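Report on the structure
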Amino acid sequence: MTTAETKSRTTERGQYRGPDAGRRAARTTPGAGAGGRVTVAVYAEDLILQTGMVHQLRMRPEIELIPEADADKAQVSLVVVDMVDDATVQLLHRLQRNTSTRTGLVVGFFESGALQTMIECGVAAVLRRGEADQDRLIHLVKAMANGEGVLPGDLLGKLLDHVSSLQRTVLDPRGLTLSTLTAREAEMIRLVSEGFDTSEIAQKTSYSERTVKNVLHEVATRLELRNRAHAVGYAMRHGLI
């Protein structure tokens, strides 16, 4: 059977080959590899991609490959595909439901339009297959296990542009921000930090004193802050004002 036929049949079924299906691994604590190794499950759309990825990872002592039956216990799931198609999206959404595993994507061709899909599917790292030598793969796996994200430089630039566009076109018109504070909340806390009292803040923001009190109370309640001074400290520590 040719590679194209294998891929076609696999995609039609909406299934991917499981991680290292032929091996029996020693029993380990879920999510933790023996000797501190990173546990990895590999999902590939055809046997050739599966075999190549498993071969590269198996050679490294810091990696422990997880058999198919225990794939949901892996720290890292690697999805290896030619491109992000419907079958890939279905798999990514399924993996996203497992909050104890982080998902990385090793992809042959990544369309700019797939960036939004990647974000929605909770993908933590992306590596192009043409750049996926053993060292880069290990770096990606370790970074994900440490809670970090990995993106090619051009995709990182597109992601920042995407976030900026989201803020400008969707959130700003509604007075919202990507932070934990709305624009109105941030402005009122900034005025508190400058020493203004409730009546002065009301005058400067053109809100009633009651609205100012309600807004500051809502912030304190939502973020579990003790008082206004605590709210100012929180906002400054997190770069919100």
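Rules and cut-offs
- Residues numbered from 1 in each chain as written.
- Predicted model: local features only at pLDDT ≥ 70, side-chain atom pairs only at ≥ 80, totals over all residues.
- Heavy atoms only, no water.
- Helix = DSSP H or I, 4+ residues; strand = E, 2+ residues; numbered from the N terminus.
- Buried < 20%, exposed > 50% of the residue type's maximum accessible area, 1.4 Å probe, protein only.
- Polar contact = N/O pair within 3.5 Å; in protein donor to acceptor, adjacent residues only side chain to side chain.
- Contact = heavy atoms within 4.5 Å.

Before going further, it helps to spend a moment on the side chain of Thr 101. Its place among the elements puts Thr 101 in the loop between α3 (86–96) and β4 (102–109). The exposure class assigned to Thr 101 is buried, which follows from its relative accessible area of 8%. In this structure the side chain of Thr 101 is engaged in a polar contact, spanning 2.5 Å, whose partner is the backbone oxygen of Ala 74. Apart from the residues lying within four places of it in its own chain, the contact partners of Thr 101 are Asp 72, Ala 74, Gln 75, Val 76 and Ser 77.

This next bit is on the environment of Arg 129. With respect to the helices, strands and loops of the structure, Arg 129 is situated in the loop between β5 (123–128) and α5 (134–145). The class for Arg 129 is partly exposed, based on a relative accessible area of 31%. In this structure the C-alpha to C-alpha distance between Arg 129 and Gly 108, which are 21 residues apart in sequence, comes to 4.9 Å. Aside from chain neighbours lying at most four places away, what touches Arg 129 is Leu 49, Val 80, Val 81, Asp 82, Val 106, Val 107 and Gly 108. There is a polar contact of 2.7 Å between the side chain of Arg 129 and the side chain of Asp 82.

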